[in-house]
Amino acid sequence: MPDEGARTPLERRLRHGLRTYRAVISGAVLAIGALLTVLAVGAFTPLQTTGPFPAIDHATNGPPNYNLVFVIVGPIVAIVGAYLVGSYAVARRRFEHLMLTKSKAEFLRNIPEIEDLLWDLTPVDAIRYEAKSAELHVRR
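Because the structure is a prediction, the values reported are computed rather than measured.

1. Thoughts on the overall build of the protein chain
Link 1 in the chain: When helices and strands are counted, the protein chain shows seven helices and zero strands.
Link 2 in the chain: Listed N to C, the secondary structure of the protein chain is α-α-α-α-α-α-α in terms of helices and strands.
Link 3 in the chain: Computed over C-alpha atoms, the radius of gyration of the protein chain comes to 22 Å, more than 25% over the 14 Å expected from 2.2 N^0.38 for 140 residues, which places it beyond the range of a compact globule.
Link 4 in the chain: The buried share of the protein chain, reckoned over its 140 residues, is 26%.
Link 5 in the chain: In the protein chain, of all internal contacts separated by at least 6 residues, the share reaching a separation of at least 24 is 64%.
Link 6 in the chain: Accessible area for the protein chain stands at about 9600 Å²; split by element, carbon and sulfur atoms hold 68% of it.
Link 7 in the chain: Charged side chains in the protein chain number 16 positive and 13 negative. The centres of these two groups are separated by 5 Å.

So, in structure tokens, the structure goes:
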């Protein structure tokens, strides 16, 4: 019998991977944006004569001037990364708070909010939600 992983379409595997590693990916986007912004600041301020910036500027200031790209792309990627990290952190904190409940009535009141938060969290959290629903005998 063929392996089930071989039958899964690439798009579904990619989506699952993006959801599973959401925190790591958002942190990497923020770090890349911050790095590009630092390179842009180092290229167009008096910092260009100190530290590693002269060597970096020499490598990126060729016929295609990448320093200008860093000025535009760096802050945009940093802002997007900050948003991704912030939204994940807020969703994670709120989800953890809602999952601490021992009351079935309170859990039932919070189900719509928990299900909305699951869109921003990982598949492991969806499994935790299902386990909590089973523990409190919530039929869905």
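That covers the picture; the talk isn't over yet.
2. Brief notes about helix α7 (residues 123–135)
Because each turn of an α-helix spans 3.6 residues, side chains separated by three or four positions end up pointing in the same direction.
Link 1 in the chain: The end-to-end C-alpha separation of α7 is 18 Å, in line with the 18 Å expected for 13 residues at 1.5 Å each.
Link 2 in the chain: Residues of α7 that are buried: Pro123, Asp125, Tyr129, Lys132 and Ser133.
Link 3 in the chain: Lining the buried residues of α7 we find α2 (10–20), α5 (66–99) and α6 (104–117).

3. Comments concerning the packing of helix α3 (residues 22–44) against α5
Link 1 in the chain: Relative orientation of the contacting elements α3 and α5 amounts to 150 degrees, with a least axis distance of 7 Å. Between α3 and α5, the interaxial angle falls into the category roughly antiparallel. Crossing geometry of α3 relative to α5 is assigned as left-handed.
Link 2 in the chain: Its residues assigned to classes, the contact of α3 with α5 shows 20 nonpolar, seven polar and one charged.

4. Brief notes about the pattern of salt bridges
Link 1 in the chain: The tally for this structure, following the rule as stated, stands at six salt bridges.
Link 2 in the chain: The partner of Arg92 in a salt bridge is Glu96, and the shortest N-O contact between them spans 3.1 Å. Here Glu96 and Arg92 lie together in helix α5, a separation of four residues that amounts to about one turn.
Link 3 in the chain: On the accessibility criterion, Glu96 (28% relative accessible area) is partly exposed.
Link 4 in the chain: Residues participating in the shared-partner salt-bridge network are Arg92, Glu96, Asp125 and Arg128.

What counts, and where the lines are drawn
Residues numbered from 1 in each chain as written. Predicted model: local features only at pLDDT ≥ 70, side-chain atom pairs only at ≥ 80, totals over all residues. Heavy atoms only, no water. Helix = DSSP H or I, 4+ residues; strand = E, 2+ residues; numbered from the N terminus. Rg over C-alpha atoms; globule rule 2.2 N^0.38 Å. Buried < 20%, exposed > 50% of the residue type's maximum accessible area, 1.4 Å probe, protein only. Contact = heavy atoms within 4.5 Å. Areas by Shrake-Rupley, 256 points an atom, 1.4 Å probe, with all protein chains shown as cover. Lys, Arg positive; Asp, Glu negative; His and termini not counted. Charge placed at Lys NZ, Arg CZ, Asp CG, Glu CD. Expected span 1.5 Å × (residues − 1). Axes fitted to C-alpha atoms, helices over the stretch in contact; angles between N-to-C directions. Parallel < 35°, antiparallel > 145°, perpendicular 65-115°, else oblique. Left-handed = near helix turned anticlockwise from the far one by under 90°. Nonpolar A, V, L, I, M, F, W, Y, C, P; charged D, E, K, R; others polar. Salt bridge = Lys/Arg side-chain N within 4 Å of Asp/Glu carboxyl O.

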